[in-house]
Amino acid sequence: MLSDGSILQSNLGSSLRRWRVLNRIKQQALARDLGVSQTKVSRWESGLAQPEGADLLKVLKLLRARPETAADRALLHLVEQAAAPVHLVCDLTHRLLAMSPARAREWHVPVSEFLNRPLWRFATDSIRSMECQLADRGWYEPSGPDIRYRTERAEFPEMTIPKSWIRISRLPLSDGSFARLVREDPQDGRA
């Protein structure tokens, strides 16, 4: 099984490039802001190298979802009011941003115990496997598709993950970072 860091870093280059393009920032300007060379940024974006140490912390701070605008807060509110079991996480770090009351009922501790904390430690094998396939399935493309997959039931002291079909959608936030909407998807014969 892959470690949390390897999953995160496998998607870092694609996320960095997408953030930079959406914010109309050239590699050279980003490199200057991060205190690295343009070549280094290029290598990170292409996946030929990974940021490490202080560079990694700077990139993560840049890319983590920060729902700060009115539009972003409205998205959080919609998730928090949804009747269906849904939750919203930072696409890069898997930090919980919001969850519906129906999702909160599946989890055995108060929502406050999860907010702004990564949920990756609760990932089932099928969730981890799908995470490794996201780039191949077009997740990081400008109009990336929703991804649908099956996950097995998992019991944790903090939550239950039911055996179900899951649909994830990548939603851009106002600052160019991304959130991931996670919801159950009824099986209707689709692959």
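The preceding data block contains the structure.
All values derive from a computational prediction rather than experimental measurement. (Residues numbered from 1 in each chain as written. Predicted model: local features only at pLDDT ≥ 70, side-chain atom pairs only at ≥ 80, totals over all residues. Heavy atoms only, no water.)

1. Some remarks on the layout of surface pockets
Here is step 1 of the chain: Here the largest pocket defines a volume of roughly 230 Å³.
Here is step 2 of the chain: Lining the largest pocket are Gly13, Ser14, Arg17, Arg18, Val21, Leu22, Glu45, Ala135, Tyr140, Glu141 and Pro142.
Here is step 3 of the chain: In terms of residue count, helix 2 (residues 12-22) provides more of the lining of the largest pocket than any other element does, six residues in total.
Here is step 4 of the chain: Tallied by class, residues from the lining of the largest pocket come to five nonpolar, two polar and four charged. (1 Å grid on protein atoms, 1.4 Å probe; cavity = no way out; pocket = protein on both sides within 12 Å on 5 of 7 lines; lining within 4 Å. Points joined across faces, edges and corners; volume = space filled by probe spheres on them. Helix = DSSP H or I, 4+ residues; strand = E, 2+ residues; numbered from the N terminus. Nonpolar A, V, L, I, M, F, W, Y, C, P; charged D, E, K, R; others polar.)

2. A word on the sheet that holds strand 1 (residues 86-90)
Here is step 1 of the chain: Across the sheet, which stays open at both edges, the five strands sit in the order 2-1-7-6-3 with antiparallel pairing between neighbours. Whereas interior strands pair on both sides, the edge strands pair on one side only; in this sheet they are strand 2 (96-99) and strand 3 (147-151). Shown here is a sheet whose adjacent strand axes are inclined to one another by a mean of 25°, direction ignored.
Here is step 2 of the chain: Where strand 3 lies against strand 6 (residues 164-172), five bridges are found, and the strand directions are antiparallel. If you follow Arg148 over to strand 6, its bridge partner there is Arg167.
Here is step 3 of the chain: In the packing of helix 8 (residues 125-133) onto the sheet, the strands contacted are strand 3 and strand 7 (178-184), and the crossing angle to strand 3 comes to about 150°. (Pairing = 2+ DSSP bridges. Axes fitted to C-alpha atoms, helices over the stretch in contact; angles between N-to-C directions. Contact = heavy atoms within 4.5 Å.)

3. As for empty space enclosed by the protein
Here is step 1 of the chain: Per the counting criterion, the structure on display carries two cavities of 30 Å³ or more.
Here is step 2 of the chain: Approximately 390 Å³ is the volume attributed to the largest cavity.
Here is step 3 of the chain: Along the wall of the largest cavity there are 26 residues; nearest its centre are His87, Ile127, Tyr149, Ile161 and Val182.
Here is step 4 of the chain: Of all the elements in the fold, those that place two or more residues in the lining of the largest cavity are strand 1, helix 7 (101-106), helix 8, strand 3, strand 5 (160-161), strand 6 and strand 7.
Here is step 5 of the chain: Broken down by class, the residue content of the lining of the largest cavity amounts to 16 nonpolar, five polar and five charged.
Here is step 6 of the chain: In the lining of the second largest cavity, the residues fall into five nonpolar, three polar and two charged.

4. Here's the deal with the nonpolar core
Here is step 1 of the chain: In terms of nonpolar packing, the biggest core is built from 26 residues, with Leu12, Leu16, Leu30, Trp44, Val59, Leu63 and Leu88 touching the most fellow members.
Here is step 2 of the chain: Put simply, the parts of the chain that give this core at least two residues each are helix 2, helix 3 (27-34), helix 4 (38-46), helix 5 (53-63), helix 6 (70-81), strand 1, strand 2 and strand 7.
Here is step 3 of the chain: The leading source of residues in this core is helix 5, at five residues.
Here is step 4 of the chain: Once residues lying within four places of it in the same chain are set aside, the contact partners of Leu88 are Leu75, Leu76, Val79, Arg95, Leu96, Leu97, Ala98, Leu171, Ala179, Arg180 and Leu181.
Here is step 5 of the chain: If you look at the next biggest cluster of nonpolar residues, it comprises 12 residues, including Trp120, Tyr140, Ile147 and Ile168. (Core = buried A, V, L, I, M, F, W, Y, C linked by side-chain atoms within 4.5 Å. Buried < 20%, exposed > 50% of the residue type's maximum accessible area, 1.4 Å probe, protein only.)

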